[in-house]
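The lines below spell out each chain.
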Amino acid sequence: MSAEKVAFFILSGLTLGGGLAILFSVRLMRAVVYLLVSLFGVAGLYILLNAEFLAALQVLIYIGGITILMVFGLMLTGPGQFVNPAESRLKAVAAGVSSLTTAIVLLLIVKKTKWPAGTQALAGDTTAEIGRLLLTDHVFAFEIASVLLLVVLVGVALFVRLARDGGKP
Amino acid sequence: MIVPSLLLELAPVLVKIFGAFFVVLTLTAYLTLAERKFSAFIQDRIGPNRVGPFGLLQPLADGIKFIFKEDIIPTQAHKLYYILAPALLLVPALMGYAVIPFGDYVEVAGRLIPLQIADVDIGILYVLAIAGLSVYGLFMAGWASNNKYSLLGGLRSSAQMVSYELTLGLSIVGALLVYGTTNLRDIVVQQTAYWQVGSILIPKWGVFLQPLGFLLFLVSAFAESNRLPFDLPEAENELVGGYHTEYGSMKFAMFFMGEYTGMITMSALLTTFFFGGWHVPWLEAAGLSRNVAAILGVGAFCAKTGCFLFLYIWVRWTLPRFRYDQLMKLSWKGVFPLALANVFLTGVCLYLYSRLM
């Protein structure tokens, strides 16, 4: 087995193992730490695919940003205030149905899409090429994502304002 | 003959890694002494002068003392995270050096060896990503200690680091636009060029191209390394010691080392982005051989980094601490909009420049 394959199995093991550990951990703080493991695994897989730019962004945004925000929220609210899904049967059923639907949709997307896969690594600096593609071929998706984030931002500001003014907008 | 050629490949890399480790860790130790000496000077005291000549062996004595102290773990602490936290702070701080070029090429036995551990294309992003990781050490320490002061320190640190990581990244976007690359070595090489004003040559250092970006990066770098006036995560007179309240012996020393190593990383980055890295202005005219020039360059890099380290210490013993809301206001209402404006202005200027020239 080549070194690349060994690395691949270790990294995908980290990714999937981390994901499973999140599912089976009851304490939220531990789940966050397992999430870190999983995200690091994905970053490693990107490096294995010669996509250093994506790997750096994965660490910068997901590990250094989003997970920190989760931790921040967790520290502010405390682990005791969350509902244990096992307590309520209705919630467990609802969670099961929604995750099954999501899984089916994702599987269908993966199956049906014709992935433009290449076996050759892009030569040299991928950063410039990604930037060019984002602002030319994929500018629509890029803008949709920015609009979505803007909507979320405005929505959060509105919610905070509602809570502060005692429910009156 | 595979093994010898592999060794020949690996030897310079290993030498560079061990060299960088040795220099950085020694510098970290002596930075604590420098801090105490300078603070003494600023406050008109003498400072440590008992161990060795001028107190020069003080860091060694401190290290030995730390190692021989009893290692206490609070009974209610989360053991694994409690032990992991100091390492999680120190390791990212050390990892940052992997991509920082500390000198030009040297020629050894007919081979050109770059004075940099890893020359990666995404240097800037790597550095930013690694800098963001150190916050996990702080939050984990705060969480695992099971102490309200520690938790508050960890909470403050995660909010502060997320806010200032953003401005740290945004403030170098202007510089990125000017250089057009994320490779740190390319950035330094571009800064070795000159403008000709009359008969005077002015080096094209980043600080002249991006004065506002430099200032914003400096402020964010201070906040990222949790130094005064931004040392709210530890704030000893309101939080006892913040995230490291419950830590003792060598674990406490590791937090300390993490802080000082982070300072050295940030100083090295400031040098690389805005002060020409290893570049010694007007040295090219002297016509020195490659190796001599490279070694002088390493000296220049260290000297520039040292200046920023001095600035760190100077500021710490001069300015009082921010209040927490002031800190957040400065980040989101001060530095962030200015950094955006800097990006916009740089873009407009570059466009006009490319049109006119």
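Everything numeric here is computed off the predicted structure, so don't read it as measured data. (Residues numbered from 1 in each chain as written. Chains lettered and ligands numbered in written order. Predicted model: local features only at pLDDT ≥ 70, side-chain atom pairs only at ≥ 80, totals over all residues. Heavy atoms only, no water.)

K.L.:
How do you make sense of the overall build of chain A when you look at a structure like this?
P.N.:
Assigned secondary structure in chain A consists of six helices and zero strands. In sequence order, the secondary structure elements of chain A are arranged as α-α-α-α-α-α. Looking at the 169 residues of chain A, the share that counts as buried comes to 20%. When contacts within chain A are restricted to residue pairs at least 6 apart in sequence, those whose partners lie at least 24 apart make up 49%. With an accessible surface of roughly 12,500 Å², chain A has 74% of that area assigned to carbon and sulfur atoms. (Helix = DSSP H or I, 4+ residues; strand = E, 2+ residues; numbered from the N terminus. Buried < 20%, exposed > 50% of the residue type's maximum accessible area, 1.4 Å probe, protein only. Contact = heavy atoms within 4.5 Å. Areas by Shrake-Rupley, 256 points an atom, 1.4 Å probe, with all protein chains shown as cover.)

K.L.:
Could you clarify how one ought to interpret the overall build of chain B in this entry?
P.N.:
Tallying secondary structure elements over chain B gives 13 helices and four strands in all. Here the C-alpha radius of gyration of chain B, 22 Å, is about what a compact globule of 357 residues would show, namely 21 Å. Considering chain B as a whole, with its 357 residues, one finds that 46% of them fall into the buried category. Counted over contacts in chain B with a minimum sequence separation of 6, partners at least 24 positions apart contribute 78%. By element, 73% of the accessible surface of chain B is carried by carbon and sulfur atoms, the whole surface being about 17,100 Å². (Rg over C-alpha atoms; globule rule 2.2 N^0.38 Å.)

K.L.:
Any chance you could explain the interface of chain A and chain B here in plain terms?
P.N.:
How large an interface is tends to be reported as the accessible area lost when its parts come together. Listed as interface residues are 24 residues of chain A and, on the opposing side, 23 residues of chain B. Contact between chain A and chain B buries roughly 2,100 Å² in total, counting both sides, with carbon and sulfur atoms accounting for 80%. In terms of surface lost to chain B, no three residues of chain A exceed L60, I68 and M75 of chain A, which account for 30% of the buried area on that side. Linking chain A with chain B are zero salt bridges, by the criterion used here. Summed over the shared surface of chain A and chain B, the result is one residue pair in polar contact (both at pLDDT 80 or more). Listing elements by their share of the side of chain A that touches chain B, those giving two or more residues are α2 (28-48) and α3 (52-77) of chain A. Looking at the side of chain A that touches chain B element by element, the count peaks at 15 residues for α3 of chain A. Here the residues of the side of chain A that touches chain B are counted per class, giving 17 nonpolar, four polar and three charged. (Buried area = accessible area lost by both parts, 1.4 Å probe. Salt bridge = Lys/Arg side-chain N within 4 Å of Asp/Glu carboxyl O. Polar contact = N/O pair within 3.5 Å; in protein donor to acceptor, adjacent residues only side chain to side chain. Nonpolar A, V, L, I, M, F, W, Y, C, P; charged D, E, K, R; others polar.)

K.L.:
Please clarify how the domain arrangement of chain A should be interpreted in this entry.
P.N.:
In terms of domain boundaries, chain A breaks down into domain 1 (1-82) and domain 2 (125-169). Distance between the C-alpha centres of domain 1 of chain A and domain 2 of chain A: 23 Å. (Domains from an automatic or database assignment.)

K.L.:
Would you take a moment to explain the pairing of strand β2 (residues 111-114) of chain B for this structure?
P.N.:
The side chains of a regular strand alternate, residue by residue, between the two faces of the sheet. Residues and elements named next belong to chain B. The sheet contact formed by strand β1 (residues 105-108) and β2 spans four bridges and is antiparallel. Among the inter-strand pairings, Y105 is bridged to a residue of β2, identified as P114. Hairpin connection between β1 and β2: a loop of two residues separates the two successive antiparallel strands, and A109 in this loop has a positive phi of roughly 50°. (Pairing = 2+ DSSP bridges.)

K.L.:
Hey, could you run me through the nonpolar core in this one?
P.N.:
Considering soluble globular proteins, one finds that nonpolar side chains tend to be buried as a cluster. Residues Y136, L184, F217, F273 and F274 of chain B are the most contacted members of the largest nonpolar core, which totals 84 residues. Excluding anything up to four places from it in sequence, F273 of chain B contacts I124, I172, Y179, L184, I187, Q191, G206 and F217 of chain B. (Core = buried A, V, L, I, M, F, W, Y, C linked by side-chain atoms within 4.5 Å.)

K.L.:
When you look at the packing of helix α9 (residues 211-224) of chain B against helix α11 (residues 249-274) of chain B in this model, what are you seeing that I'm missing?
P.N.:
The geometry of a pair of packed helices is captured by two quantities: the angle between their axes and the separation between those axes. Residues and elements named next belong to chain B. Viewed as axis vectors pointing N to C, α9 and α11 meet at an angle of 170°, and their least axial separation amounts to 10 Å. Viewed along their axes, α9 and α11 adopt a mutual orientation that is roughly antiparallel. For α9 against α11, the interelement crossing comes out right-handed. Counting all contacts with α9, which are made through G213, F214, F217, L218, A221 and E224, the residues of α11 involved are M266, L269, L270, F273 and F274. (Axes fitted to C-alpha atoms, helices over the stretch in contact; angles between N-to-C directions. Parallel < 35°, antiparallel > 145°, perpendicular 65-115°, else oblique. Left-handed = near helix turned anticlockwise from the far one by under 90°.)

K.L.:
Where do I start with a nonpolar patch on the surface in this structure?
P.N.:
Residue and element names in this part refer to chain B. A contiguous nonpolar surface patch, about 960 Å² in accessible area, is contributed by Y30, F54, L56, L57, L60, I64, I67, F68 and M250. By residue number, the principal contributor to the nonpolar patch is helix α2 (residues 58-68), which donates four residues. Locating L56 in the fold gives a position in the loop between α1 (2-42) and α2. Here L56 falls in the partly exposed class, since its relative accessible area comes to 39%. (Patch = residues over 30% accessible without salt bridge, like charges linked within 9 Å, V, L, I, M, F, W, Y side chains within 5 Å.)

K.L.:
I keep staring at the packing of helix α7 (residues 184-191) of chain B against α11 of chain B and nothing clicks. Help me out?
P.N.:
All names here are of chain B. Interhelical geometry of α7 versus α11 gives an angle of 50° and a closest axis separation of 8 Å. In terms of their interaxial angle, α7 and α11 are classed as oblique. On the side of α7, the interface is formed by L184, I187, V188 and Q191, while α11 contributes T272, F273 and F274. Classifying every residue of the contact of α7 with α11 gives five nonpolar, two polar and no charged.

K.L.:
Looking at this structure, how should I read the packing of aromatic side chains?
P.N.:
Working definition: an aromatic ring pair is given by the centre-to-centre distance plus the angle between the planes. All names here are of chain B. A complete count under the given rule lists 19 aromatic pairs over all chains for this structure. An angle of 65° between the planes, with centres 5.5 Å apart, marks the rings of F214 and F274 as edge-to-face. Here F274 lies in helix α11 and F214 lies in helix α9, a separation of 60 residues in the sequence. F274 gets classed as buried once you look at its relative accessible area, which sits at 0%. Centre to centre, the rings of F256 and Y260 are 5.5 Å apart; their planes meet at 40°, and the pair counts as tilted. Taken together, the residues F256 and Y260, both in helix α11 and four residues apart, mark about one turn of the helix. Members of the aromatic cluster, each reached through a chain of ring pairs, are W205, F214, F217, F273, F274, F275 and F308. (Phe/Tyr/Trp six-rings, centres within 6.5 Å; stacked < 30°, edge-to-face > 60°.)

K.L.:
What is the right way to read unusual backbone geometry from this model?
P.N.:
Excluding glycine, most residues fall at negative phi; most peptide bonds, likewise, are trans. Unusually for a residue other than glycine, D44 of chain B sits at a positive phi of about 60°. By the secondary structure assignment, D44 of chain B is in the loop between α1 and α2.

K.L.:
Looking at this structure, how should I read α3 of chain A?
P.N.:
An α-helix turns once every 3.6 residues. As a result, residues three or four positions apart point the same way. Helix length check: α3 of chain A (26 residues) gives 36 Å between terminal C-alpha atoms against 38 Å at 1.5 Å per residue, within 8%. The largest bend in α3 of chain A comes to about 25°, at I68 of chain A. (Expected span 1.5 Å × (residues − 1). Bend = angle between axes of the 7 residues up to and from the residue.)

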